[in-house]
Amino acid sequence: MWRTCLLNYRGFKNSINIHFHRPHHQVPTRLKFIELFMTESAMLVKEGDSSNRVRPLLTFVLGGPGSGKGTQCAKIAETFGFLHLSAGELLRKEILSGGENGSLILDIIKEGKIVPSEITVNLILREIELTENRKVLIDGFPRTDENRIAFERIVGVGPDLVIFFDCPEEEMVKRLLSRNQGRIDDNIETIKKRLEIFDKLNLPVINYYSSKGKVHKIKAVGTTEEIFEKVNPIFASLSLN
Ligand SMILES: Nc1ncnc2c1ncn2[C@@H]1O[C@H](COP(=O)(O)OP(=O)(O)O)[C@@H](O)[C@H]1O
Ligand SMILES: O=c1ccn([C@@H]2O[C@H](COP(=O)(O)OP(=O)(O)O)[C@@H](O)[C@H]2O)c(=O)[nH]1
Ligand SMILES: [Mg+2]
């Protein structure tokens, strides 16, 4: 749905090529291009400054259930100004809002299985399109290679970086059993299924992004603060102002 459009702009001394990365339905006309150039893109001058990006800086945050994705994402969002999108939260909201896929999603979450990619990708895409924030954390997605491929097909881009919280199973189980958020899937039977699905379906996604050199693996044991101390330098080095 996103596409890169090229404008050869001759308003400068030297003509320059500008790449706009936009949702498919927002591909601008040439005039609109120039308008865009004058507004959101008057930027390209400051390379590496993410507030100037046309497309958001995308970070996927992965890790087993209970590895601390949500907790660390909240801290990253607060410290570095990211929008935090939790795929699981978006799906739970869809159940509560009585959306057309609500009962299907509920049945799948109860079993610790994975919701069809199109549903999750479209929920995420809607949020990305709504926000002005150029820095986005996607927490708990993609869960499978199929999710990953669907995201790249529908949204048109992959992540800039991936954070992987690597946590021992027994620690994850302990945390989930004391999470106390009234979640239907935080019971030992469903937790076991979620851990199996994580090993079988999510680790290949992490391996895929590792092979692309995009993964920052963090040992997710210790206090929240200790773990964040390992996360912080990754984002601090990204020149995010
Ligand atoms: N470093 C930590 N040490 C102990 N408990 C933690 C830590 N990080 C998170 N928790 C707790 O563990 C539970 C799971 O954390 P959460 O961030 O929801 O993980 P995830 O999103 O990966 O499932 C929550 O109750 C959270 O408060
Ligand atoms: O992209 C996703 C994210 C979540 N889920 C479902 O939602 C549940 C809860 O996900 P969440 O990320 O909230 O769980 P966490 O890992 O944070 O405990 C998962 O077990 C899946 O059943 C899914 O199907 N696709
Ligand atoms: Mg979570």
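These numbers come from a predicted model, not from an experiment.

Engineer: Whenever I open this one, a negative patch on the surface confuses me. Can you help?
Structural biologist: On the surface, E169, E170, E196 and D199 cluster together into a patch of negative charge. Sorting the residues of the negative patch by element identifies helix 7 (169-177) and helix 8 (188-211) as the ones contributing at least two each.

Engineer: How do you make sense of the site of ligand 1 when you look at a structure like this?
Structural biologist: Within the structure, ligand 1 sits among 14 residues, and G66, K69, T71, R179 and G222 are positioned closest to it. Take S67: an N or O atom from its main chain is 3.3 Å from an oxygen atom of ligand 1. If ligand 1 stood free it would expose 560 Å²; the protein chains cover 75% of that surface. The pocket occupied by ligand 1, as judged from atoms lying within 2 Å of grid points, is the largest pocket. At the level of secondary structure, the elements contributing two or more residues to the shell around ligand 1 comprise helix 2 (69-80) and helix 9 (224-236). Considering every element that reaches the shell around ligand 1, the biggest residue donor is helix 2, with three residues. Split by residue class, the shell around ligand 1 holds two nonpolar, nine polar and three charged.

Engineer: Just checking my understanding: could you explain the layout of surface pockets for this structure?
Structural biologist: To find the voids left in a structure, one rolls a probe of water-molecule size over its atoms. The computed volume of the largest pocket comes to approximately 920 Å³. In terms of lining, the largest pocket is formed by 44 residues, of which the most central are K69, R143, R179, R183 and R194. The set of elements that each furnish at least two residues to the lining of the largest pocket consists of helix 2, strand 4 (83-86), helix 3 (87-96), helix 4 (102-110), helix 7, helix 8 and helix 9. Ranked by the residues each element gives to the lining of the largest pocket, the list is headed by helix 3, at five residues. Taken together, the residues of the lining of the largest pocket sort by class into twelve nonpolar, 21 polar and eleven charged.

Engineer: Before we go on, may I ask you to explain the pairing of strand 6 (residues 161-166) in this structure?
Structural biologist: Along any regular strand, the residues point their side chains to alternate faces of the sheet. The buried fraction of strand 6 is high, at six of six residues. Burial along strand 6 is two-sided: L161, I163 and F165 facing one way and V162, F164 and D166 facing the other are all buried. In this structure, strand 3 (residues 57-63) lies alongside strand 6, joined through five bridges in parallel fashion. Its bridge partner being in strand 6, T59 is matched across the sheet by L161. Sheet analysis places strand 6 next to strand 7 (residues 215-219), joined by five bridges and oriented parallel. When the sheet's bridge partners are listed, F164 is paired in strand 7 with K217.

What counts and what doesn't
Residues numbered from 1 in each chain as written. Chains lettered and ligands numbered in written order. Predicted model: local features only at pLDDT ≥ 70, side-chain atom pairs only at ≥ 80, totals over all residues. Heavy atoms only, no water. Patch = residues over 30% accessible without salt bridge, like charges linked within 9 Å, V, L, I, M, F, W, Y side chains within 5 Å. Areas by Shrake-Rupley, 256 points an atom, 1.4 Å probe, with all protein chains shown as cover. Salt bridge = Lys/Arg side-chain N within 4 Å of Asp/Glu carboxyl O. Lys, Arg positive; Asp, Glu negative; His and termini not counted. Charge placed at Lys NZ, Arg CZ, Asp CG, Glu CD. Helix = DSSP H or I, 4+ residues; strand = E, 2+ residues; numbered from the N terminus. Near = heavy atom within 4 Å. Polar contact = N/O pair within 3.5 Å; in protein donor to acceptor, adjacent residues only side chain to side chain. 1 Å grid on protein atoms, 1.4 Å probe; cavity = no way out; pocket = protein on both sides within 12 Å on 5 of 7 lines; lining within 4 Å. Sits in = over half its atoms within 2 Å of the grid points. Nonpolar A, V, L, I, M, F, W, Y, C, P; charged D, E, K, R; others polar. Points joined across faces, edges and corners; volume = space filled by probe spheres on them. Buried < 20%, exposed > 50% of the residue type's maximum accessible area, 1.4 Å probe, protein only. Pairing = 2+ DSSP bridges.

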